[in-house]
Amino acid sequence: MCSCPAGRPVSDIVTERLILRTVPLAGLRATADGDRDTAARLIGRRLPEEWFADAWVHGLRFAQWSADPGYGPWSIRAIAEKSTGQIVGNMNCHHSPMPFVLDGETLLAVEAGYTIFTDW
């Protein structure tokens, strides 16, 4: 678990097979900067090189979360195998929940994207 800058906890999401691990602000910054040692320490020791392929997105999400502490739960999460701790991908939402109209009803929605790394 990590905290938003305002101090609210951001919990990992745990399923039967996976952990969607919140990447803390420092982990986003380390990834964006290409600091592999710090990123692995903060995100997971089994962090593959492919994690850094879209490092620019981590910089973008770092800026979003820094500007809006409420964005934290929707920022980048590492997708880890629960049994091994291996990081097999990542996911994130492009923004915090926002109004979306569907069949005349206004609901809150997010747009999510994910990557599963080549070996998985």
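Residues numbered from 1 in each chain as written. Predicted model: local features only at pLDDT ≥ 70, side-chain atom pairs only at ≥ 80, totals over all residues. Heavy atoms only, no water.

*Asks:* Got a minute to help me understand the overall build of the protein chain in this structure?
*Replies:* Helix and strand content of the protein chain: 3 helices and 9 strands. Across the protein chain, helices and strands are ordered from the amino to the carboxyl terminus as β-β-β-β-α-α-α-β-β-β-β-β. Relative to a compact globule of 120 residues, whose C-alpha radius of gyration would be 14 Å, the protein chain shows 15 Å and is just as compact. A principal-axis box enclosing the C-alpha atoms of the protein chain has dimensions of 45 × 30 × 25 Å. A total of 120 residues make up the protein chain; the buried ones form 38% of that total. When contacts within the protein chain are restricted to residue pairs at least 6 apart in sequence, long-range pairs at least 24 apart make up 50% of them. Summed over all atoms, the accessible surface of the protein chain reaches about 6,900 Å², with 55% contributed by carbon and sulfur. Treating the 11 positive side-chain charges of the protein chain as one cloud and the 14 negative ones as another, the clouds have centres 7 Å apart. (Helix = DSSP H or I, 4+ residues; strand = E, 2+ residues; numbered from the N terminus. Rg over C-alpha atoms; globule rule 2.2 N^0.38 Å. Buried < 20%, exposed > 50% of the residue type's maximum accessible area, 1.4 Å probe, protein only. Contact = heavy atoms within 4.5 Å. Areas by Shrake-Rupley, 256 points an atom, 1.4 Å probe, with all protein chains shown as cover. Lys, Arg positive; Asp, Glu negative; His and termini not counted. Charge placed at Lys NZ, Arg CZ, Asp CG, Glu CD.)

*Asks:* Is there a simple way to think about the pairing of strand β6 (residues 87-93) in this case?
*Replies:* Regular strands place their side chains on alternate faces of the sheet. By the criterion of burial, β6 is predominantly enclosed, with 7 of the 7 residues buried. The sheet contact formed by strand β5 (residues 77-81) and β6 spans 4 bridges and is antiparallel. Of the residues in β6, the one forming a bridge with Ala78 is Asn90. The hairpin formed by β5 and β6 contains 5 residues between the paired strands, and Gly85 there has a positive phi angle of roughly 80 degrees. Two elements, β6 and strand β9 (residues 112-116), share 5 bridges in a ladder whose sense is antiparallel. What sits directly across from Gly89, in β9, is Ile116. (Pairing = 2+ DSSP bridges.)

*Asks:* What should I look at first to understand the packing of aromatic side chains in this one?
*Replies:* Two numbers describe a pair of aromatic rings. These are the distance of the centres and the angle of the planes. Scanning the model with the defined rule gives 1 aromatic pair in all. Above the ring of Phe52, the side-chain terminus of Arg36 is found at 4.3 Å from the ring centroid. (Phe/Tyr/Trp six-rings, centres within 6.5 Å; stacked < 30°, edge-to-face > 60°. Lys NZ or Arg CZ within 6 Å of the ring centre and 35° of its normal.)

*Asks:* Help me understand helix α3 (residues 55-67) in this model?
*Replies:* Owing to its 3.6 residues per turn, the α-helix brings residues three or four apart onto one side. Taking 1.5 Å of rise per residue, 13 residues should cover 18 Å, and α3 covers 19 Å from first to last C-alpha, within 8% of that figure. All buried positions along α3 are accounted for by Ala55, Val57, His58, Arg61 and Trp65. Projected onto a plane normal to the axis of α3, the buried residues spread over an arc of 140 degrees and lie on a single side. Those residues of α3 that are exposed and angled more than 90 degrees off the buried face are Trp56 and Ala67. (Expected span 1.5 Å × (residues − 1). Arc of directions from axis to C-beta.)

*Asks:* Looking at this structure, I do not really get unusual backbone geometry. What am I missing?
*Replies:* Trans peptide bonds make up most of the peptide bonds, and negative phi angles are found at most residues other than glycine. Even without being a glycine, Asp103 presents a positive backbone phi close to 50 degrees. Within the fold, Asp103 resides in the loop between β7 (98-102) and β8 (105-109).

*Asks:* I tried to follow the pairing of β8 on my own but got confused; where do I start?
*Replies:* As defined by bridge partners, β7 adjoins β8 across 5 bridges and the pair is classed as antiparallel. Bridge assignment links Met98 to a residue of β8, and that residue is Ala109. Between β7 and β8, which pair antiparallel one after the other, the connecting turn spans 2 residues, and Asp103 there sits at a positive phi close to 50 degrees.

Any functional reading would require information beyond the geometric quantities listed.
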